[in-house]
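Structure assessment
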Amino acid sequence: MPAQPEIRILKTAPELFEAAAAEFAAQASQAVRGNGRFTVALSGGSTPKTLYSLLATKPNIPWDKICFFWGDERHVPLDHPESNYRMANAAMLSKVPVRPENIFRVHSEEKDAAAGALQYEQVLKDFFHLSPGEFPRFDLILLGVGPDGHSASLFPGTSALNETRHLVVANWVPKFNTHRITFTFPVLNAAACVLFLASGADKAPILHQVLENSAAGLPSQKVRPSNGKLIWLVDGAAASALSPRNG
Ligand code: 6PG
């Protein structure tokens, strides 16, 4: 049964990021207790940066047992300002005792984006020891939502929306005139938990559409873990257009 979204509204942005850090820490400890490791896919964009910086200050994180992946990446070199890896490394990974061998970044410097996507797909298959047709079960996948309702790099009207076989694809995004390397819906929906973060008034219109207009047909609405949790952590400003039953 696809997961029903659990919507948690925190009054302010600082409260939102504290709640997100607490959720991350709790899930990390639980996974490490149960499986000896915590597998997490990070999101990019601007919203999670505050979370990553905050996590780097927290004492209760089993950093040496966490395996880091990315749900999507821009097709840019590592040192490019738009690199999601670069952002997460600067805000968090470079400041904490994570094992370098547990950081599985997208090789976005690969000239051929499709080759970069295939390479990352193989990384997932090897790490999770997948059989053909199997999808990885991440403990946690972090996602954001764009003003057009995209998540990861699954943008409205793009070919990756219909991918059912591959784990990772190079998705051509006309409005950015570039490829993005992104997890596909089967990977997102195989996760044990998907955690969306949304902060700020500029997210209010899309949040209303995504959470309250089931006919909108937006990519982030197709993220419904089949056997996992779906959590939306949002702040008051982002939730300002939600109806009282959600607000
Ligand atoms: C990316 C993200 C993307 C992001 C949304 C929201 O690489 O850009 O993974 O899906 O989550 O675009 O971005 P903001 O947090 O910057 O609003």
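Just so it is clear, the structure is predicted and the values come from calculations on it, not from any experiment.

**Points about the sheet that holds strand 6 (residues 168-173)**
The sheet built from three strands is open, its strands ordered 4-7-6 with antiparallel pairing. Two strands bound the open sheet, and with one partner strand each, they are strand 4 (72-74) and strand 6. Sheet twist, expressed as the average angle between the axes of neighbouring strands with direction ignored, equals 25 degrees. Bridging between strand 6 and strand 7 (residues 178-183) involves six bridges; their strand directions are antiparallel. Bridge pairing links valine 169 to threonine 182 in strand 7. Sitting on the sheet, helix 4 (residues 113-127) is in contact with strand 6 and strand 7, with an inclination near 150 degrees to strand 6.

**Looking at the side chain of serine 83**
Looking at the element boundaries, serine 83 is found in the loop between strand 4 and helix 3 (84-91). Polar contacts involving the side chain of serine 83 include one to the main-chain amide nitrogen of tyrosine 85, which spans 3.3 Å. Beyond its immediate chain neighbours, meaning those up to four positions away, serine 83 contacts Glu73, Val76, Pro77 and Leu78.

**A word on the nonpolar core**
One finds Phe68, Phe69, Ile141 and Phe183 to be the most contacted residues of the largest nonpolar core, which totals 82 residues. Among all residues touching phenylalanine 183, those that are not within four sequence positions of it are Ala41, Trp70, Gly71, Tyr120, Leu124, Phe138, Ile141, Leu154, Leu167, Val168 and Leu188.

**Comments concerning the pairing of strand 5 (residues 140-143)**
In strand 5, alternate side chains face the same way, and those of Leu140 and Leu142 on one face and Ile141 and Leu143 on the other are all buried. Bridge analysis of strand 5 against strand 8 (residues 193-198) gives three bridges, and the strand direction is parallel. Looking at strand 8, one finds that leucine 143 is bridged to phenylalanine 196.

**Here's the deal with the packing of helix 1 (residues 13-35) against helix 2 (residues 47-55)**
The packing of two helices is summarised by the inter-axis angle and the distance between the axes. As a packed pair, helix 1 and helix 2 sit with axes 9 Å apart at the nearest point and diverge in direction by 60 degrees. The orientation of helix 1 relative to helix 2 falls into the category oblique. Taken as a pair, helix 1 and helix 2 cross one another with a handedness that is right-handed. Here Phe17, Glu18, Ala20, Ala21 and Phe24 of helix 1 come into contact with helix 2, specifically with Thr47, Thr50, Leu51, Leu54 and Leu55.

**Some points on helix 1**
The end-to-end C-alpha separation of helix 1 is 32 Å, in line with the 33 Å expected for 23 residues at 1.5 Å each. Inspection of helix 1 places Leu16, Phe17, Ala20, Ala21, Glu23, Phe24, Ala25, Gln27, Ala28, Ala31 and Val32 among the buried residues, and these make up the whole buried set. Following helix 1 by one or two positions, glycine 36 has its phi on the positive side, about 80 degrees.

**Focus on the site of the ligand**
In the vicinity of the ligand, 14 residues are found, and the nearest of them are Ser46, Thr47, Arg74, Ala152 and Lys203. Within the contact set of the ligand, an oxygen atom lies 2.6 Å away from a side-chain nitrogen or oxygen of threonine 47. At 2.7 Å, a side-chain N or O of histidine 150 approaches an oxygen atom of the ligand. The fraction of the free accessible surface of the ligand (410 Å²) that becomes covered by protein chains is 87%.

**Thoughts on the sheet that holds strand 5**
Pairing in this open sheet of six strands is parallel, and the strands run 1-9-8-5-2-3 from one edge to the other. One side of each edge strand has no neighbouring strand; the edge strands of this open sheet are strand 1 (5-10) and strand 3 (66-70). For this sheet, the mean inter-axis angle between neighbouring strands, taken without regard to orientation, is 20 degrees. As judged from the six bridges shared by strand 8 and strand 9 (residues 229-235), these two strands associate in the parallel manner.

**Thoughts on the state of the cysteines**
Here a disulfide denotes one covalent bond, and it connects the sulfur atoms of two cysteines. A complete count under the given rule lists zero disulfides for this structure. Cysteine 67 takes part in no disulfide bond, and the closest cysteine sulfur, belonging to cysteine 193, lies 17 Å away. Classification of cysteine 193 as buried rests on a relative accessible area of 1%.

**Notes on the packing of helix 2 against helix 3**
Interaxial distance between helix 2 and helix 3 falls to 8 Å at its minimum, and their mutual angle equals 30 degrees. In terms of axis orientation, helix 2 runs roughly parallel to helix 3. When you trace helix 2 past helix 3, the crossing you get is right-handed. Across the interface between the two elements, Pro48, Lys49, Tyr52 and Ser53 from helix 2 touch Met87, Ala88 and Ala91 from helix 3.

Calculation rules
Residues numbered from 1 in each chain as written. Predicted model: local features only at pLDDT ≥ 70, side-chain atom pairs only at ≥ 80, totals over all residues. Heavy atoms only, no water. Pairing = 2+ DSSP bridges. Helix = DSSP H or I, 4+ residues; strand = E, 2+ residues; numbered from the N terminus. Axes fitted to C-alpha atoms, helices over the stretch in contact; angles between N-to-C directions. Contact = heavy atoms within 4.5 Å. Polar contact = N/O pair within 3.5 Å; in protein donor to acceptor, adjacent residues only side chain to side chain. Core = buried A, V, L, I, M, F, W, Y, C linked by side-chain atoms within 4.5 Å. Buried < 20%, exposed > 50% of the residue type's maximum accessible area, 1.4 Å probe, protein only. Parallel < 35°, antiparallel > 145°, perpendicular 65-115°, else oblique. Left-handed = near helix turned anticlockwise from the far one by under 90°. Expected span 1.5 Å × (residues − 1). Near = heavy atom within 4 Å. Areas by Shrake-Rupley, 256 points an atom, 1.4 Å probe, with all protein chains shown as cover. Disulfide = S-S within 2.5 Å.

Keep in mind that these numbers describe shape and distance, not what the molecule does.
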